[in-house]
Amino acid sequence: LWPQIRYQLYEMNSAKLLQLLEAGAIDVAVVRTPCRFSAAMEPRFISGEQLVAAYRPDCFSFGENKRIPLCELAEKPLMMIQRYEELVTGACDRIGLVPDIKCVNIQIAVTLKLAQAGIGVAIVPLSTLAVSDDPLEYRMIDEPAFAISRAIVTMRGKTPSVVCSHFLELCREAFPINKNSLPLF
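Residues numbered from 1 in each chain as written. Predicted model: local features only at pLDDT ≥ 70, side-chain atom pairs only at ≥ 80, totals over all residues. Heavy atoms only, no water.

Undergrad: So what exactly am I meant to see when it comes to the overall build of the protein here?
TA: The helix and strand inventory of the protein stands at six helices and eight strands. When the helices and strands of the protein are listed from N to C terminus, the series reads α-β-β-β-α-β-α-β-α-β-α-β-β-α. Taken along the three principal axes of its C-alpha coordinates, the protein extends 50 × 35 × 30 Å. Scored against the burial criterion, the 185 residues of the protein give a buried share of 43%. Looking at the protein alone, contacts between residues at least 24 apart form 72% of all its contacts between residues at least 6 apart. (Helix = DSSP H or I, 4+ residues; strand = E, 2+ residues; numbered from the N terminus. Buried < 20%, exposed > 50% of the residue type's maximum accessible area, 1.4 Å probe, protein only. Contact = heavy atoms within 4.5 Å.)

Have a look at this one:
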C-alpha cells in the first residue's frame, strides 16, 4: 500500500456524496444505486447485490423458505431507506399490491435498529447485515427488481490526483467491476 497517504473517508447517503463530488469537495464517491448521476459525472458500476428482508424471528415469520415472494412481503410492516421506497412501491404496484410501509428514513443503521426493535421488516442490501451486530434473520426477496448495484463515481474530464489514482487502484482490487461498465482508469 501507500503508507505516506492519508485517506479521508465520509460515510453518508449517496445523494449527499454526489453533491460533494459535484461541488469538488471530494474526488471520488462510492454509492449505492438507484441514484441520479448528473451528465458531468462518470459512474463505473461495480458488483451488484440483492435487497433482503431482515427481521426479528420472534416478531415475524416467513416459514422455512430462504426466498420469499414479494406478495408475502407486502403484507408485513416494511421499513427502508428513502432510496428504495420507489423501487419497492413500483414492484408492488406491478403485481397489484400496496405495501405496508411503516418507516422511510435515510440511514440503513436506523432501519436495522428499528427491525431489531420488532417494529417491522427492514428492506436492506445483503452486505449491510455482515457489518451489523443486530441478531436479525433475513430472507432473499424473490423479485428481480431488488437486485441493486454500487458505483464508483468521478467527474468526467477531470484527471484524478495521484492520491485519488491510488485509491481507485485499491478499489479496482477490492471490488469486481461490472463487465458492462467503464474500466477504473
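That covers the picture; the talk isn't over yet.
Undergrad: When you look at the environment of Arg 94 in this model, what are you seeing that I'm missing?
TA: Relative to the helices and strands, Arg 94 is located in helix H3 (residues 82-94). Under the relative-accessibility criterion, Arg 94 is labelled exposed at 59%.

Undergrad: So what exactly am I meant to see when it comes to the layout of surface pockets here?
TA: Rolled over the atoms, a probe as big as a water molecule pinpoints where empty space is left. For the second largest pocket, the calculated volume is near 400 Å³. Taken together, 15 residues form the lining of the second largest pocket, with Ala 15, Pro 34, Cys 35, Gln 82 and Arg 83 sitting closest to its centre. Listing elements by their share of the lining of the second largest pocket, those giving two or more residues are helix H1 (14-22) and H3. Sort the elements by how many residues they give to the lining of the second largest pocket and H3 lands first, with five residues. Per-class residue counts for the lining of the second largest pocket are seven nonpolar, four polar and four charged. (1 Å grid on protein atoms, 1.4 Å probe; cavity = no way out; pocket = protein on both sides within 12 Å on 5 of 7 lines; lining within 4 Å. Points joined across faces, edges and corners; volume = space filled by probe spheres on them. Nonpolar A, V, L, I, M, F, W, Y, C, P; charged D, E, K, R; others polar.)

Undergrad: Just checking my understanding: could you explain the nonpolar core for this structure?
TA: A general feature of soluble globular proteins is that nonpolar side chains tend to end up buried together. Among the nonpolar cores identified, the biggest contains 34 residues, and Leu 73, Val 121, Ile 123, Val 124 and Phe 146 are the most heavily contacted of them. Within the residue set of this core, elements represented by two or more residues are strand S2 (41-55), helix H2 (70-73), strand S4 (77-81), H3, helix H4 (108-116), strand S6 (121-125) and strand S7 (137-142). Look past the residues within four positions of Val 124 in its chain and what remains in contact with it is Gln 50, Leu 51, Val 52, Ala 54, Ile 108, Thr 111, Leu 112 and Leu 129. Of all hydrophobic cores here, the second largest spans eleven residues; its members include Leu 17, Ala 29, Val 31 and Met 41. (Core = buried A, V, L, I, M, F, W, Y, C linked by side-chain atoms within 4.5 Å.)

Undergrad: Sorry, what's going on with the pattern of salt bridges here?
TA: Any two side chains of opposite charge can pair, on the condition that their charged atoms come close. All told, the structure shown has nine salt bridges when counted by the stated rule. Residue Arg 32 is joined to Glu 49 by a salt bridge in which the shortest nitrogen-to-oxygen separation is 3.3 Å. Note that Arg 32 is positioned in strand S1 (residues 29-32) and Glu 49 in strand S2, a separation of 17 residues in sequence. Note on accessibility: Arg 32 and Glu 49 belong to one class, buried. In this structure, Arg 150 and Glu 49 form a salt bridge, with 4.0 Å as the shortest nitrogen-oxygen distance. Taken together, the positions of Arg 150 in strand S8 (residues 147-155) and Glu 49 in strand S2 put the pair 101 residues apart, joining distant regions of the chain. Across the pair, exposure class does not vary: Arg 150 and Glu 49 are buried alike. Where salt bridges share partners, they join Arg 32, Glu 49 and Arg 150 into one cluster. (Salt bridge = Lys/Arg side-chain N within 4 Å of Asp/Glu carboxyl O.)

Worth remembering: the numbers are spatial, not functional.
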